[in-house]
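Below are the chains, spelled out letter by letter.
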Amino acid sequence: MPLSMMTVRLKIIFLKSVWQLRKLFFLSVSAFYLVFVPVVVSAQENSISPYSRLFKLRGDLHIHSKTASFDSICLSPGCRSFSASEQFTEAYQAGLDFAAVTEHLRHPLPPYKKASEQQWHKVIASAQRYRPEDMITFYGYEWGSSMQSCYWLDADKKDYGHRVVILPPGESRYCLADQCRTPDELARFMAKVGAVGITAHPWRTLIVDPKFNEQKRDSLPAFLSRNYFDYRGNGQDDVWIGAEVGPDFYSISGQWALSPICEQPKLRLDTQTVTVPEWEDALANGKWLAAISSSDRHFDFIPFGLRTTVVFAKERSHQGIMEALRARRTLAAYMMPFNVELYSGSAMFGDTVDKSKMLSIKLDADSGSVEEMQLNRPGETIRSWKGDNAIGLFRIPAQDIPSGPVWVHIIGTEVDDNLHLQRTTITSPIWLK
Ligand SMILES: [Zn+2]
Ligand SMILES: [Zn+2]
């Protein structure tokens with residue numbers, strides 16, 4: 001293991017212990033209020049965060065392994081790939097409270113080879129090896145449409161991108177793009193088996209003529225988006241629970257993907273990850289979507305714990321996490337999640353709040369660790385706080401904010417050694433009506 005990776009891992013282990021200590025602190029604080037000062041609690045009802053009653057669990061809902069994902073076997077030297085079992089072990093060692101291995105199960109290109117039943121049952125067995133008190137393990141798969149001849153690029157052909165499907169424990173049925181051809185069809189399947197779906201890594205694709213002058217890039221019109229949020233409502237039974245909101249994934253560029261797929265060898269491909277703006281667009285269009293952050297880990301390039309989702313669960317169990325996901329009570333984090341809460345009385349992330357109410361934002365962070373905290377709605381920052389001024393409890397009247405979703409976005413001062421991205425936490429929205 002290179003020294004820099006070792007440093008990252010040690011740092012993650014250290015941060016993880018801080019995180020555990022904080023959980024203990026919150027539990028003891030809530031126990032204190034319950035036992036000793038019930039009168040104060042009722043008198044100051046609005047200043048007590050409703051999140052203090054819940055388990056704060058941190059995990060990763062999008063992981064691949066060589067057990068059943070066609071693209072998770074290392075071809076280059078120096079790269080390490082993992083079986084489903086090994087991925088769960090790594091996630092556990094990184095201190096995650098929950099993890100989901102979500103395999104591709106089908107190659108996106110002809111002849112569309114599928115994982116075997118034996119491979120799939122090996123993934124399920126790997127998840128079942130963990131006791132919930134150690135780590136809550138899920139399994140599922142990543143549905144990919146785009147089975148057309150031009151897999152990446154053709155906006156005219158229906159291309160819905162990738163969806164992570166988290167199955168309930170014990171369920172082994174799945175529905176791939178040859179049977180569930182659209183997100184609406186997939187939603188019907190998920191509702192039937194009790195699964196939930198997450199839009200994976202929304203991004204946009206740009207086709208560039210190699211003769212094109214790079215400096216004129218901004219004037220390029222050819223911005224093709226996959227139809228990531230093209231489904232009715234929130235799917236049957238509101239199964240489309242969230243979207244991965246970044247920060248940016250790696251962009252991919254080059255000529256490598258085009259010639260065999262699109263028969264257009266003269267064109268070059270660029271992808272741009274615009275996860276937060278696409279999520280905002282979807283929210284503005286009436287989608288009820290939590291903020292989710294996952295590693296999409298195939299190899300050892302990204303350590304576990306860098307990109308995680310926090311859920312606020314009523315119990316520490318599979319059912320508790322599924323319920324929290326369905327309620328959209330989540331935080332999406334890059335590096336250690338900020339300890340941030342957005343609430344109004346007893347209403348939390350995912351809830352709808354009357355606009356006559358006050359919003360509370362509470363950020364508990366170390367001095368010097370915050371660059372900026374924003375209260376956002378689609379396309380607009382309503383208010384922002386810089387540096388240490390962001391730390392504390394803030395009360396904001398909701399009456400002048402337009403109806404719709406509002407969420408908190410925090411950018412930290414810390415930058416990771418690996419990808420040089422800043423520590424970021426994005427909360428799921430509260431909806432104002
Ligand atoms: Zn994907
Ligand atoms: Zn993936």
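Please refer to the structure higher up on the page.
Predicted model, so just to flag it, every value in this text is computed and none were measured.

Draft legend 1. Region of interest: the overall build of the protein chain. The helix and strand inventory of the protein chain stands at eight helices and 22 strands. The 433 residues of the protein chain split such that 56% are buried. Expressed as a percentage of contacts within the protein chain between residues at least 6 apart in sequence, the contacts between residues at least 24 apart total 73%. Accessible area of the protein chain: about 18900 Å², with a carbon and sulfur share of 55%.

Draft legend 2. Broad picture of the coordination of the zinc ion (ligand 2). For the zinc ion (ligand 2), the protein coordination sphere consists of His62 (NE2), His64 (NE2), Glu142 (OE) and Asp296 (OD), at 2.1 to 2.3 Å. Classification of the site at the zinc ion (ligand 2) as irregular follows from its four donor atoms and the range of 82 to 170° in their angles at the metal. Motif for the zinc ion (ligand 2), donor spacing along one chain: H-x1-H-x77-E-x153-D. Here the zinc ion (ligand 1) and the zinc ion (ligand 2) are spaced 3.5 Å from one another, each receiving a donor from Glu142. Placement of the pair is His62 in strand β1 (residues 55–63) and Asp296 in the loop between β11 (290–292) and β12 (307–313), with a sequence separation of 234 residues. There is no split in this pair, since His62 and Asp296 are both buried.

Draft legend 3. Representation of the state of the cysteines within the structure. Under the definition given, this model contains two disulfides. One disulfide bridge connects Cys74 with Cys79, the sulfur atoms lying 1.8 Å from each other. Disulfide Cys74-Cys79: torsion about the S-S bond near -65°, hence left-handed. One exposure class covers both Cys74 and Cys79, and it is buried.

Draft legend 4. Fine view of the packing of helix α3 (residues 84–93) against helix α4 (residues 117–128). Between α3 and α4, whose axes approach to 8 Å, the crossing angle comes to 25°. Regarding the angle of α3 to α4, the classification is roughly parallel. α3 and α4 meet at a crossing whose hand is right-handed. Along the contact surface, α3 presents Ala84, Ser85 and Phe88, while α4 presents Val123, Ser126 and Ala127. A per-class count over the contact of α3 with α4 returns four nonpolar, two polar and no charged.

Draft legend 5. Quick look at the packing of aromatic side chains. For the coordinates displayed, the defined rule picks out 13 aromatic pairs. One aromatic cluster is present, built from ring pairs that chain together Tyr51, Phe312, Tyr343 and Phe349. Its end group placed over the ring of Tyr231, Lys287 keeps NZ or CZ at 4.6 Å from the ring centre. The ring of Trp288 has Arg328 lying over it, and the distance from NZ or CZ to the ring centre is 3.7 Å.

Draft legend 6. Layout of unusual backbone geometry. Non-glycine residue Asp237 carries a positive phi angle of around 60°. With respect to the helices and strands, the residue Asp237 is situated in the loop between β7 (223–225) and β8 (240–244). For Asp237, a relative accessible area of 58% translates into the label exposed. Residue Met335 is not a glycine yet carries a positive backbone phi of 65°. By secondary structure assignment, the location of Met335 is in the loop between β13 (330–334) and β14 (339–343). You can call Met335 buried: its relative accessible area is 6%.

Draft legend 7. Molecular detail of α3. Three or more residues of α3 are buried, namely Ala84, Gln87, Phe88, Glu90 and Ala91. The buried side chains of α3 occupy one side of the element, clustering within an arc of 160° when seen end-on. Phi for Gly95, located one or two positions after α3, is positive at around 85°.

Draft legend 8. The arrangement of the pattern of salt bridges in detail. Counted under the stated rule, the structure contains 14 salt bridges. Here Arg232 and Asp184 are joined by a salt bridge, their closest N and O atoms 3.9 Å apart. Highlighted residues: Arg232 in the loop between β7 and β8 and Asp184 in helix α5 (residues 183–193), separated in sequence by 48 residues. Residue Arg232 is classed as exposed on the basis of its relative accessible area of 59%. Residue Arg377 pairs with Glu380 through a salt bridge whose shortest N-O separation is 2.8 Å. Looking at Arg377, the relative accessible area reads 18%, which means it is buried. The exposure class assigned to Glu380 is partly exposed, which follows from its relative accessible area of 38%.

Calculation notes
- Residues numbered from 1 in each chain as written.
- Chains lettered and ligands numbered in written order.
- Predicted model: local features only at pLDDT ≥ 70, side-chain atom pairs only at ≥ 80, totals over all residues.
- Heavy atoms only, no water.
- Helix = DSSP H or I, 4+ residues; strand = E, 2+ residues; numbered from the N terminus.
- Buried < 20%, exposed > 50% of the residue type's maximum accessible area, 1.4 Å probe, protein only.
- Contact = heavy atoms within 4.5 Å.
- Areas by Shrake-Rupley, 256 points an atom, 1.4 Å probe, with all protein chains shown as cover.
- Donors = N, O, S within 2.8 Å, 3.2 Å for Na, K, Ca; no water.
- Tetrahedral: all angles 85-135°; square planar, octahedral: opposite > 155°, others 65-115°.
- Disulfide = S-S within 2.5 Å.
- Axes fitted to C-alpha atoms, helices over the stretch in contact; angles between N-to-C directions.
- Parallel < 35°, antiparallel > 145°, perpendicular 65-115°, else oblique.
- Left-handed = near helix turned anticlockwise from the far one by under 90°.
- Nonpolar A, V, L, I, M, F, W, Y, C, P; charged D, E, K, R; others polar.
- Phe/Tyr/Trp six-rings, centres within 6.5 Å; stacked < 30°, edge-to-face > 60°.
- Lys NZ or Arg CZ within 6 Å of the ring centre and 35° of its normal.
- Arc of directions from axis to C-beta.
- Salt bridge = Lys/Arg side-chain N within 4 Å of Asp/Glu carboxyl O.

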